[in-house]
Amino acid sequence: MEETVRTRFAPSPTGFMHLGGLRTALYAYLYAKSHNGKFILRIEDTDQQRYVEGAVQVIYDSLKGSGLYYDEGPDIGGDYGPYVQSERKAIYAEYAKKLIDLGGAYYCFCSKERLESLTDANGNRKYDKHCLHLPKEEVERRIAAGEPYVIRQNIPTEGTSTYEDLIYGTINIDYSELEDNILIKSDGMPTYNFANVVDDHLMGITHVIRGTEYLSSTPKYNLMYDAFGWKRPVYIHLPPIM
Ligand code: GLU
Ligand code: ZN
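Attention here is on the structure that accompanies the text. In this text, all values refer to a predicted model and were calculated from it rather than measured experimentally.

Each value, and the rule that gives it
- All chains use their own residue numbering, which begins from 1 and follows the written sequence.
- Note on labels: chains are lettered from A, ligands numbered from 1, in written order.
- Given that the model is predicted, a residue must reach a pLDDT of at least 70 before its local features are reported, and side-chain atom pairs must reach 80 or more before they are shown or counted; all residues, however, enter totals for whole chains, interfaces and linings.
- Excluded from the side-chain calculations are hydrogens and water; all other atoms, namely the structure's heavy atoms, are used.
- Definition used for salt bridges: Asp or Glu carboxyl oxygen within 4 Å of a side-chain nitrogen of Lys or Arg.
- Every helix listed is a DSSP run of H or I at least four residues long, and every strand listed is a run of E at least two residues long, numbered separately from the N terminus.
- In this scheme, a residue with accessible area under 20% of its type's maximum is buried, one over 50% is exposed, and one in between is partly exposed, where area comes from a 1.4 Å probe on protein chains only.
- A pair of Phe, Tyr and Trp rings is counted when the ring centres sit within 6.5 Å of each other, with Trp represented by its six-membered ring. The angle between the planes then sorts it: under 30 degrees is stacked, over 60 is edge-to-face, the rest tilted.
- Between any two strands, pairing holds if DSSP finds at least two bridges.

**Concerning the pattern of salt bridges**
Enumeration over the complete set of coordinates arrives at 17 salt bridges. Salt-bridge contacts for Lys231 lead to Glu3; the nearest nitrogen and oxygen are separated by 3.4 Å. In this pair, Lys231 is assigned in the loop between helix H7 (218–228) and strand E9 (234–238) and Glu3 in the segment before strand E1 (6–9), connecting sequence segments 228 residues apart. Like Glu3, Lys231 is exposed. With a shortest N-O distance of 2.9 Å, Glu147 and Arg142 are connected by a salt bridge. With a relative accessible area of 28%, Glu147 lands in the partly exposed category.

And the structure:
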């Protein structure tokens, strides 16, 4: 049997819906509907600092007002909920631990000062994997002592990542261009980098349709799909609207 196509629109309520967002939603909707699939709405509200009051309601209203009816979402439910990321913290914590066990992530206790000291003369900063090499006992002791930490992705330092985008074709990116970004912040909230992968997998998303700003970070997500042994989705990155 053919796998059911499932696409999603995953806006962040950090501002009001604009044309670019609506265009992404339209493509995701049409792709799902033209394949007898499902279109899902997921609210990506992990950046609580930038949360804009009322933005979620505008998302619901804009989609419904444009006829882009979603099959699953926060206000209508579905089998893969909750559909709001801030309600999924426990899920991310569980998968972050798994990823650490798999060698794909690690605890980092570096202070702000230490991180700032890594800035080079040009103002660029790249995390130096300092905490990747901490002994396991030390990590456990510091966590037990209540020291704040983040969880970072462990990106290979060399090699090239390859994947296919349905619009842009073969994308090659050297791992050296990427860095060990934070997956779980010190308050336990995930970043987009982690939450999008866990949710797209758990929500059965088969086709990821989004803006080109994610084209170059997709290798990081693929590393996680591969580490977990999950099937990568089909990627469709949409060129910016001019
Ligand atoms: N929350 C992200 C955004 O608004 C979603 C990107 C994606 O579709 O994966 O840009
Ligand atoms: Zn560190």
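That covers the picture; the talk isn't over yet.
**Side note on the packing of aromatic side chains**
Enumeration over the complete set of coordinates arrives at ten aromatic pairs. An angle of 90° between the planes, with centres 5.1 Å apart, marks the rings of Tyr107 and Tyr149 as edge-to-face. With Tyr107 in strand E3 (residues 105–108) and Tyr149 in the loop between helix H5 (136–144) and strand E4 (150–153), this residue pair connects regions lying 42 residues apart in the sequence. For Tyr107, a relative accessible area of 14% puts it in the buried group. Between Tyr192 and Tyr221, the aromatic rings sit 6.0 Å apart at their centres with planes inclined by 85°, giving edge-to-face as the arrangement. In this pair, Tyr192 sits in helix H6 (residues 192–202) while Tyr221 sits in helix H7, placing the two residues 29 residues apart along the sequence. The class for Tyr221 is buried, based on a relative accessible area of 1%.

**Overview of the pairing of strand E5 (residues 160–165)**
Here E5 shows a buried face lined by Ser161, Tyr163 and Asp165 and an unburied face lined by Thr160, Thr162 and Glu164. Note that E5 and strand E6 (residues 169–174) share six bridges and pair antiparallel. Bridge pairing in E6 links Tyr163 to Ile171. In this antiparallel pair of consecutive strands, E5 and E6, the connection spans three residues.

The quantities given are spatial measurements derived from coordinates; they are silent on function.
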